[in-house]
Amino acid sequence: DSDSFDFDLVVLGSGPGGYTAAFRAADLGLKVALIERYSSLGGVCLNVGCIPSKALLHVGQVIDSAARMADHGVRFGEPDIDLDILRDYKNGVVGKLTKGLAGMASKRSVEVIQGTGCFVDPHRIEVEHDGEARTVSFARCIIAAGSRVIQIPGIPDDDARVMDSTGALELHDIPDRLLVIGGGIIGLEMACVYRALGARVTVVELLDQLMAGADADLVRPLHQHMKKLGVRFLLGTRVTGVEAGEQGLDAHFEGPQAPERDEFDRVLVSVGRRPNGDRIGADRAGLDVDERGFIAVDGQMRTHLEHIFAIGDIVGQPMLAHKASYEGKIAAEVAAGHKRAADARAIPSVAYTDPEVAWVGLTETQAKKEGLDYGVGKFPWAASGRALGMDRSEGFTKLIFDKKSGRLVGAGVVGVHAGDLIGELTLALEMGCDAADIGLTIHPHPTLSESVMMAAEVYEGTITDLY
Ligand code: FAD
């Protein structure tokens, strides 16, 4: 009986999963509390993730675009960068959004409780803030406590020159020589930012390919573009240690093209994130957390305890904001008694690098591995008037169809604004479109979105003479 508890629903963590769930549940009439250890709502995504990184990437892209203009007869000169103003701009963007969230919470009478929450038993969480503790009881709970960065051994954790993504976004200075450990999405995004701001950047990646989750052909134009702009890549390379040297940080490598050692002014460690499931007192609620810190859930985002749900990074890959908010909505609706379940066909991934890389559904590598009888339609942007006019024709759009059903099963786009283009392809996947559905849809000319239609026509054989 809900009446015997302080709240109908308590949400632990205010990231994109948590705030979405709290607001939806309140809109459905539940009495909701949102527990967050930090003073600012929005979680990793708004404060130290998606949003600040994209503000800085935008600035980097403007700097690069201005520099490229010299090839077209328009010279702007060397950028004069005021880091304090740039930092304020980024913080301003974050501040607008986090304040917006606080307003949305209060409008809905969602009680925001600041402090670190820890389960006391299956129906109570103790929230500790500044040495004071308050216990709140709940009929239902949604765990949205997110994830944190992974540290690696052999790298000092008390040297201010060694940063994680949060430190890199603080933009203390523009190091002359930056080492980025990890060639995943976050490492590459930050490499793009610092390179555009003037740092000499080296990216080291253990695997033989950057962004291992994406198809190799999709990543290649990004790899080449970054290389052209002076980023050094050490693939198939392990960093065996970093030490404080005389002039900088001494990094030691093991890899085919890597030097034995090299010196850097700053090091960014971006080797992944791990869930916070080990830090919420789950055992006292009787909740199972696996050895990595993930909490298992069913299609309704329920844990094995009927009244406790979990969403977002803490339930598994992909660790993405739009996955967290989708799951948040479902958990809130189920908690409010509605019949709902997660049934998304696909979750898009985007690297907001320059150029952007975006993919959804099956990659070609996966299609091959699954033994699917598939076909590919690929449209190179070298044949796109719009891409040529932007002097960014290195991209392409690639659609993967199941030959048996004729339906789209996967798509990848590399090029400027690829992240915006993948939205249409995600819809096409959800709607079960075949190549004719996409190829016969009139797209505006001249846009990059035409490349989606054209790729479908290439698959159907109605476009044959691209070059
Ligand atoms: P989080 O956002 O991690 O929020 C969890 C919240 O819970 C935090 O505010 C935390 O303080 C709070 N919390 C944890 N434990 C407790 C506790 N015990 N008590 C009280 N509060 C607690 N994803 C994208 O989709 N697009 C991007 O462009 C993108 N860029 C990124 C860039 C960077 C640099 C990083 C690091 C991540 C990026 N991500 C991006 C990933 C994205 O940020 C996460 O997937 C998303 O934030 C997960 O949301 P969440 O709600 O699960 O948890």
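Residues numbered from 1 in each chain as written. Predicted model: local features only at pLDDT ≥ 70, side-chain atom pairs only at ≥ 80, totals over all residues.

## Points about the overall build of the protein
1) Next: In terms of regular secondary structure, the protein is built from 14 helices and 22 strands.
2) Next: Taking 23 Å as the expected radius of gyration for a compact globule of 467 residues, we find that the protein reaches 24 Å, a close match to that expectation.
3) Next: Counting only C-alpha atoms and orienting by the principal axes, one finds that the protein spans roughly 70 × 65 × 40 Å.
4) Next: Here the protein holds 467 residues, and 46% of them are scored as buried.
5) Next: Here the contacts in the protein between residues at least 6 apart in sequence split such that 65% fall between residues at least 24 apart. (Helix = DSSP H or I, 4+ residues; strand = E, 2+ residues; numbered from the N terminus. Rg over C-alpha atoms; globule rule 2.2 N^0.38 Å. Buried ≥ 20, exposed ≤ 12 C-beta atoms within 10 Å, placed from the backbone. Contact = placed C-beta atoms within 7 Å.)

## Let's talk about unusual backbone geometry
1) Next: Here Gln 317 and Pro 318 are connected by a cis peptide whose omega angle stands at -5°.
2) Next: Tracing the backbone shows Pro 318 in the loop between β17 (308-310) and α9 (321-335).
3) Next: Across the junction of Asp 354 and Pro 355, the peptide omega takes the value 0°, indicating a cis bond.
4) Next: The residue Pro 355 is located in the loop between β18 (349-351) and β19 (356-361) in this model.
5) Next: For Ser 109, which is not a glycine, the phi torsion comes out positive at approximately 60°.
6) Next: Its 9 C-beta neighbours within 10 Å are what place Ser 109 among the exposed residues.
7) Next: Here Asp 391, not a glycine, exhibits a phi torsion of approximately 55°, which is positive.

## A short note on the pairing of strand β1 (residues 7-12)
1) Next: For β1, a buried count of six out of six residues is recorded, marking the element as mostly surrounded by other parts of the structure.
2) Next: Where β1 lies against strand β6 (residues 132-143), five bridges are found, and the strand directions are parallel. Across the sheet, the residue bridging to Leu 9 is Arg 140, located in β6.
3) Next: In this sheet, strand β2 (residues 32-36) lies alongside β1 in parallel orientation, the contact comprising four bridges. Counted as the bridge partner of Val 11 is Leu 34 from β2. (Pairing = 2+ DSSP bridges.)

## Quick look at the sheet that holds strand β14 (residues 261-264)
Two modes of strand pairing occur in sheets, parallel and antiparallel, and in both the strands are linked by backbone hydrogen bonds.
1) Next: On the basis of which strands lie adjacent, the open sheet formed by three strands has the order β12-β13-β14 and antiparallel pairing. Whereas interior strands pair on both sides, the edge strands pair on one side only; in this sheet they are β12 (238-244) and β14. Strand-to-strand, the axes of this sheet are offset by a mean angle of 25°, without reference to chain direction.
2) Next: Inspection of the sheet shows strand β13 (residues 249-254) paired to β14 by four bridges, in the antiparallel sense. (Axes fitted to C-alpha atoms, helices over the stretch in contact; angles between N-to-C directions.)

None of this, on its own, says anything about what the molecule does.
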